[in-house]
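Listed below are the residues making up each chain.
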Amino acid sequence: MIPKKQKAKPRVAFFDFTSCEGCQLTVIDALQYHPELLDVIDIVEFREASSDSSDVYDIAFIEGSCTRASDEMRLRTIRDTASVVVALGACAHLGGINAIRNKQELDDVRHYVYDGKADWFATYAPRAISKVIEVDLVVPGCPISGAEFVRLVKGLLQGRMLEPIDYPLCIECKLKENVCVYQRGEICLGPITRAGCDAVCPMYGAGCEGCRGMITNPNMDAFYTVLREHGLSQAEVETKLTLFLTNQTMSMSREEAVHVEPTH
Amino acid sequence: MNFKIMPKSAFADWVDRLIGSYRVVGPKRKHGQYVFDELRGVEGLELHYPTSVLPPKKYLVPQKEVLLNYHLDGSRLEIASKPEPTVILGIHTCDIHALKLFDRIFSQGFTDQHYQAHRDSVILVSIECLEMCGPNAYCRDMGTASATEGFDLHMIDLGDVYAFNIGSQKGADLFKGFRQAFDAIDTDVDQINHVLATKWDNFPYRLDFDVHEMPALLHESFNSTLWDELGQKCLACGSCTQVCPTCYCFDVTDEVDLLMEEGQRVRRWDSCQIHEFAMVAGGHNFRERLALRQRHRFMRKGKYQMDAYNMVGCVGCGRCASACLAGITPIDVMNELCARQQCSELEPFASVVAEVAA
Ligand code: SF4
Ligand code: SF4
Ligand code: SF4
Ligand code: SF4
Ligand code: SF4
């Protein structure tokens, strides 16, 4: 429930893993517009904004994906300490852009990036933090939406775990009367992507890349048909779904593979 | 009928005068499409437009509307919306028919006071389409390609002049003190009748059956195999319902400030095509399958609204067909159902006949 004056403010910590820190910057930006949040929380660790640090906290916001076995231990410590763990942004939520490499051989990628020093860097397939620890709440997006961050955090402080939006982007896009980018012969992942960003990419004329992750139960077969009708080859369809959705599409096709087996 | 005639050369003056007294909105071009938006003058107003992305229903049930402001201790509870008097110019007749349906929906049982407040504050100025507005429209089949009521003023383009059919006192008042609108004389009426009578060649029929049969056809098609086929194609994107002038489903949420003192009750458009629409407490979803959502949508359009409000729930504007990336169109769906049911053998519902004839 809401911390009134007599109650201690919840102690909040921000942690980053493999990420660009853009989501933490968005948090700083959101706090400037909503300074009232600072009256009701106590930020005890936030490397992006303060030099304080603490081993004691109630709510942990985690930015970034887990890309090394050694990250797992740090994640578990955070989970054991915090009573609420929030995945902040696409990296933490989905594995993010970092997961693009998951469709390639790990050794090839490491040698391409680190060349002769590849063996110095232990790394594995980037994954969502929910693959390692239990996550209570997700703030989706790359970067997150400041407004949604404020909404979800307010809910959290009121003792309500608000779910992020789970309907497709097309809904928001149509409400704004944007030109559908398909009308210009371009591709958009809006029909399978969660709304909540106010359809910002189509509003500026670009197709959605799916940074907020897929809606529950997307009709992928129908969507592939639409993409093929718009001239994409099978390989191009797969590439199109790679920027943010690599992990989600890979786990979908694994599920499908499991699913069809018994019929043979 | 009571008509005023206005030379087109005077139209800009008239619009400017309206803008002096009201918020005036009308169809404007935006990145190659048309949207209803506020007018600063007659420039930008496009009365000859195919159709708008969203219908003018957005001025009666806004996409997002604060309904109530309140204090949680009960000391304050007030209706938020105080709609501005608004003239909506250039409404196509299909959208006028859709608003007639809205008037019934929002007044049945409890009158929706928020809708009614908007309704009382708008003045509807429609325009007669003289040709089909786009390849997906089928307004003639649905009986909506013309209108004799439901508007405050209705414009007919007679070349050099506009004729205005006066539908209400609110409409007539828009000419108060304006000297360039004249009572129609016999030759004007002849010309109006000529234009209205000869436009029909530009409106092909596209349904393979009579609209009177639509509710019966859907009734018979409840277990059609077509719903599964549509479910396989549909993306569940919700675009079709968002752009539809007869869709009105909404969601209401309470948004409370951080200290849980002040709150707002907000209404937003919802869609029967999305996953969470039919999700109830405990996580059960009674329309999980897309086939069931598609069936529900078309049943609403062609039958359920008739059962509940005695009007067909589709006005044939074609917006949903234009918006659908999967190529699902009501014309194709209805004709396919008809083909599968041999619908010429169906008995029309008596109530539909009464409505369409009225
Ligand atoms: S989700 Fe995007 S903005 Fe946020 S940390 Fe990852 S890459 Fe950066
Ligand atoms: S631009 Fe994208 S999000 Fe918008 S309607 Fe088209 S497909 Fe949907
Ligand atoms: S439109 Fe798509 S890619 Fe762009 S911010 Fe929204 S969800 Fe992300
Ligand atoms: S169902 Fe389609 S054609 Fe019918 S009124 Fe709605 S948008 Fe128009
Ligand atoms: S617009 Fe087409 S694809 Fe989207 S929900 Fe409607 S019928 Fe399905």
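All values derive from a computational prediction rather than experimental measurement.

K.L.:
Give a detailed account of the state of the cysteines, specifying residues and quantitative values.
P.N.:
Residues and elements named next belong to chain B. Under the defined criterion, the tally for this structure stands at zero disulfides over all chains. Cysteine 129 supplies the cysteine sulfur nearest to cysteine 133, a cysteine that is in no disulfide, at a spacing of 5.9 Å. Not engaged in a disulfide, the cysteine cysteine 139 finds its nearest cysteine sulfur in cysteine 133; these two sulfurs lie 6.3 Å apart.

K.L.:
I'd like a description of helix H3 (residues 69-81) of chain A, backed by residues and values.
P.N.:
All names here are of chain A. Within the span of H3, buried status applies to Asp71, Glu72, Leu75, Ile78 and Arg79. End-on view of H3: buried residues confined to an arc of 125°, all on one side of the axis. The exposed residues of H3 that point more than 90 degrees off its buried face are Met73 and Asp80. Next to the buried residues of H3 lie strand S1 (11-16), strand S3 (59-63) and strand S4 (84-88).

K.L.:
Break down the packing of aromatic side chains for me, citing the residues and quoting the values.
P.N.:
A full pass over the atoms with the stated rule returns 20 aromatic pairs over all chains. With centroids separated by 5.4 Å and ring planes inclined at 20°, the aromatic side chains of tryptophan 14 of chain B and phenylalanine 175 of chain B adopt a geometry described as stacked. Of this pair, tryptophan 14 of chain B sits in helix H1 (residues 11-21) while phenylalanine 175 of chain B sits in the loop between helix H5 (169-172) and strand S10 (182-183), and the two are 161 residues apart along the sequence. Note on accessibility: tryptophan 14 of chain B and phenylalanine 175 of chain B belong to one class, buried. Ring plane angle 15° and centroid distance 4.5 Å describe the contact between phenylalanine 106 of chain B and tyrosine 115 of chain B, whose orientation is recorded as stacked. Across this residue pair, the class does not change: phenylalanine 106 of chain B and tyrosine 115 of chain B are buried. Counting every residue linked through ring pairs, the aromatic cluster contains Phe11, Trp14, Tyr162, Phe164 and Phe175 of chain B. Of note, arginine 74 of chain A hangs over the ring of phenylalanine 17 of chain A, and the distance from its end group to the ring centre comes to 4.1 Å.

K.L.:
I'd like a description of the site of ligand 1, backed by residues and values.
P.N.:
What surrounds ligand 1 is the set Ser19, Cys20, Glu21, Gly22, Cys23, Glu63, Gly89, Ala90, Cys91, Gly141, Cys142 and Pro143 of chain A. Secondary structure elements with two or more residues in the shell around ligand 1: helix H1 (22-33) and helix H4 (90-94) of chain A.

K.L.:
Let's hear about the domain arrangement of chain B: which residues, and what values?
P.N.:
Residues and elements named next belong to chain B. Domain boundaries assigned for chain B yield domain 1 (3-62 + 80-202) and domain 2 (211-247 + 272-357). There are one salt bridge connecting domain 1 and domain 2. For aspartate 95, the salt bridge is made with arginine 319, and the minimal N-O distance between the two is 2.8 Å. Counting every contact that joins domain 1 to domain 2 gives 11 residue pairs in polar contact (both at pLDDT 80 or more). Counting residues per element, the ones that place at least two in the side of domain 1 that touches domain 2 are helix H2 (93-105) and helix H4 (139-142). Looking at the side of domain 1 that touches domain 2 residue by residue, the classes come out as 13 nonpolar, six polar and five charged.

K.L.:
Tell me about the sheet that holds strand S11 (residues 250-256) of chain B, and please be specific about residues and values.
P.N.:
Residues and elements named next belong to chain B. Reading across from one edge, S5-S4-S12-S11 is the order of the four strands in this open sheet, with antiparallel pairing throughout. Edge positions in the sheet fall to strand S5 (77-79) and S11, since each has one partner strand and no second. Averaged over all pairs of adjacent strands, the angle between their axes in this sheet comes to 20°, without regard to strand direction. Two elements, S11 and strand S12 (residues 262-269), share seven bridges in a ladder whose sense is antiparallel. Of the residues in S12, the one forming a bridge with aspartate 254 is arginine 265. Along the sheet, helix H3 (residues 113-121) makes contact with strand S4 (64-71), S5 and S12, crossing S4 at roughly 120°.

K.L.:
Account for a nonpolar patch on the surface, with residues named and values stated.
P.N.:
All names here are of chain A. On the surface, Tyr112, Val113, Tyr114, Trp120 and Phe121 cluster together into a nonpolar patch covering about 650 Å² of accessible area. Its location among the elements puts tyrosine 112 in helix H5 (residues 106-114). Relative accessible area serves as the criterion here: at 75%, tyrosine 112 is assigned to the exposed category.

K.L.:
Outline the site of ligand 3, listing residues and values.
P.N.:
Residues and elements named next belong to chain A. Inspection of the region around ligand 3 gives Leu169, Thr193, Cys197, Val200, Cys201, Pro202, Cys208, Glu209, Gly210, Cys211 and Arg212 as its neighbouring residues. The leading source of residues in the shell around ligand 3 is helix H8 (residues 200-203), at three residues. Taken together, the residues of the shell around ligand 3 break down into seven nonpolar, two polar and two charged.

K.L.:
Describe the interface of chain B and chain A, naming the residues involved and giving the relevant values.
P.N.:
By a widely used convention, the size of an interface equals the accessible area lost when the partners come together. Of the residues lining the interface, 36 residues belong to chain B; the matching set on chain A comes to 31 residues. Looking only at chain B, the three residues that lose the most surface to chain A are Leu235, Leu258 and Leu325 of chain B, adding up to 28% of its buried area. Taken together, the links from chain B to chain A amount to one salt bridge. A salt bridge links lysine 58 of chain B to glutamate 177 of chain A; the nearest nitrogen and oxygen atoms lie 2.5 Å apart. Seen at the junction of chain B and chain A, the total is 12 residue pairs in polar contact (both at pLDDT 80 or more). Among the elements of the structure, strand S3 (33-38), helix H8 (226-233) and helix H9 (239-242) of chain B are those that each provide at least two residues to the side of chain B that touches chain A. Residue composition of the side of chain B that touches chain A, grouped by class: 19 nonpolar, 10 polar and seven charged.

K.L.:
Got a sec to walk through the domain arrangement of chain A? Specific residues and values, please.
P.N.:
Residue and element names in this part refer to chain A. We note that the domain assignment places domain 1 (11-157) and domain 2 (169-256) within chain A. One C-alpha centre belongs to domain 1, the other to domain 2; they are set 24 Å apart. Each side of the interface is counted separately: domain 1 has 18 residues, and domain 2 has 13 residues. In total, domain 1 and domain 2 occlude about 1200 Å² of area from one another, counting both sides; carbon and sulfur atoms represent 59% of this. Together, Leu94, Ile100 and Lys103 form the three largest contributors to the area buried by domain 1 at its contact with domain 2, with a combined 44%. Our count for the domain 1 to domain 2 interface comes out at one salt bridge. Linking domain 1 to domain 2 there are four residue pairs in polar contact (both at pLDDT 80 or more). For the side of domain 1 that touches domain 2, the leading source of residues is H4, giving three residues. Among the residues making up the side of domain 1 that touches domain 2, the classes are represented as nine nonpolar, six polar and three charged.

K.L.:
Describe in detail the nonpolar core, supporting the description with residues and values.
P.N.:
Residues and elements named next belong to chain A. Within the largest apolar cluster, 34 residues are counted, with the highest numbers of intra-cluster contacts made by Tyr182, Ile192, Phe223 and Leu241. Of all the secondary structure elements, the ones that give two or more residues to this core are H4, helix H7 (169-175) and helix H9 (220-229). Examining the composition of this core, we find that five residues originate from one element, H9, more than from any other. Those residues in contact with isoleucine 192, other than ones at most four positions away along the chain, are Gly213, Met214, Ile215, Pro218, Met220, Phe223, Leu241 and Leu245.

K.L.:
Can you tell me about the pattern of salt bridges, naming the residues and giving the values?
P.N.:
All names here are of chain B. Scanning the model with the defined rule gives 32 salt bridges over all chains in all. The salt bridge involving aspartate 254 is made with arginine 265; its shortest N-O contact spans 3.0 Å. In this pair, aspartate 254 sits in strand S11 while arginine 265 sits in strand S12, placing the two residues 11 residues apart along the sequence. Classification of arginine 265 by relative accessible area gives partly exposed; the value is 32%.

Reading the values: rules and limits
Residues numbered from 1 in each chain as written. Chains lettered and ligands numbered in written order. Predicted model: local features only at pLDDT ≥ 70, side-chain atom pairs only at ≥ 80, totals over all residues. Heavy atoms only, no water. Disulfide = S-S within 2.5 Å. Buried < 20%, exposed > 50% of the residue type's maximum accessible area, 1.4 Å probe, protein only. Helix = DSSP H or I, 4+ residues; strand = E, 2+ residues; numbered from the N terminus. Arc of directions from axis to C-beta. Contact = heavy atoms within 4.5 Å. Phe/Tyr/Trp six-rings, centres within 6.5 Å; stacked < 30°, edge-to-face > 60°. Lys NZ or Arg CZ within 6 Å of the ring centre and 35° of its normal. Near = heavy atom within 4 Å. Domains from an automatic or database assignment. Salt bridge = Lys/Arg side-chain N within 4 Å of Asp/Glu carboxyl O. Polar contact = N/O pair within 3.5 Å; in protein donor to acceptor, adjacent residues only side chain to side chain. Nonpolar A, V, L, I, M, F, W, Y, C, P; charged D, E, K, R; others polar. Pairing = 2+ DSSP bridges. Axes fitted to C-alpha atoms, helices over the stretch in contact; angles between N-to-C directions. Patch = residues over 30% accessible without salt bridge, like charges linked within 9 Å, V, L, I, M, F, W, Y side chains within 5 Å. Areas by Shrake-Rupley, 256 points an atom, 1.4 Å probe, with all protein chains shown as cover. Buried area = accessible area lost by both parts, 1.4 Å probe. Core = buried A, V, L, I, M, F, W, Y, C linked by side-chain atoms within 4.5 Å.

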